[in-house]
Each structure stands twice: as C-alpha cells, then as structure tokens.
Amino acid sequence: MGKKREIPLEIDDHFKLYGKEPWEVDYGEKCVICNVRIDEYGFCSCGSGGE
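Residues numbered from 1 in each chain as written. Predicted model: local features only at pLDDT ≥ 70, side-chain atom pairs only at ≥ 80, totals over all residues. Heavy atoms only, no water.

(A) Up close: the overall build of the protein. The helix and strand inventory of the protein stands at one helix and two strands. For 51 residues, the compact-globule formula gives about 10 Å, and the C-alpha radius of gyration of the protein, at 13 Å, lies well above that figure. For the protein, the spread of C-alpha atoms along the three principal axes comes to 35 × 20 × 15 Å. In the protein, the share of contacts with a sequence separation of at least 24, taken over all contacts with a separation of at least 6, comes to 0%. Summing over all exposed atoms, the protein offers an accessible surface of approximately 4,300 Å²; the carbon and sulfur share of this is 54%. (Helix = DSSP H or I, 4+ residues; strand = E, 2+ residues; numbered from the N terminus. Rg over C-alpha atoms; globule rule 2.2 N^0.38 Å. Contact = heavy atoms within 4.5 Å. Areas by Shrake-Rupley, 256 points an atom, 1.4 Å probe, with all protein chains shown as cover.)

(B) Representation of the layout of surface pockets in the model. Roughly 200 Å³ of volume is contained in the largest pocket. Forming the boundary of the largest pocket are H14, Y18, K20, V25, Y27, V36, R37, D39, Y41, F43, C44 and S45. When contributions to the lining of the largest pocket are tallied by element, the ones reaching two or more residues are α1 (13-18) and β2 (37-39). Residues that form the lining of the largest pocket fall into these classes: seven nonpolar, two polar and three charged. (1 Å grid on protein atoms, 1.4 Å probe; cavity = no way out; pocket = protein on both sides within 12 Å on 5 of 7 lines; lining within 4 Å. Points joined across faces, edges and corners; volume = space filled by probe spheres on them. Nonpolar A, V, L, I, M, F, W, Y, C, P; charged D, E, K, R; others polar.)

(C) The arrangement of the environment of C46 in detail. One can find C46 in the segment after β2. For the pair formed by C46 and N35, sequence separation is 11 residues and the distance between their alpha carbons is 9.3 Å. Leaving out residues up to four positions away in the same chain, C46 has contacts with C31, I33 and C34.

(D) Summary view of unusual backbone geometry. Despite not being glycine, N35 has its phi angle at roughly 60 degrees, a positive value. Within the secondary structure layout, N35 lies in the loop between β1 (27-30) and β2. Given the relative accessible area of 52%, N35 is considered exposed. (Buried < 20%, exposed > 50% of the residue type's maximum accessible area, 1.4 Å probe, protein only.)

Right under this line is the structure:
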C-alpha cells in the first residue's frame with residue numbers, strides 16, 4: 001500500500017508532469033559537480049548528471 005495522497009490529484013503538478021509522487025523517485029550516486037543525488041532519469045540540481 002502506498003503513501004496517502006497529501007495533495008489532491010487536481011492540483012498535484014508533480015504527478016501531472018512526472019506520473020509519480022516525489023517519494024517514488026529512485027536515486028543513485030551523487031553528482032561530482034553539485035553533490036546532489038542523481039535521479040533515475042539522470043538529472044541533478046546542476047543538470048550535468050555528474051558528467
């Protein structure tokens with residue numbers, strides 16, 4: 001069973017954009033440039049993805 005929806009679906013922009021809740025995103029290693037975790041799509045805060 002998943003986490004209870006905190007934001008109504010009608011106004012949940014993250015779910016509309018990505019099709020999942022923020023806590024469902026899988027993260028991997030940290031970016032060597034900005035030191036933020038790289039998500040399952042290869043994105044981090046600086047946009048380099050560690051390259």
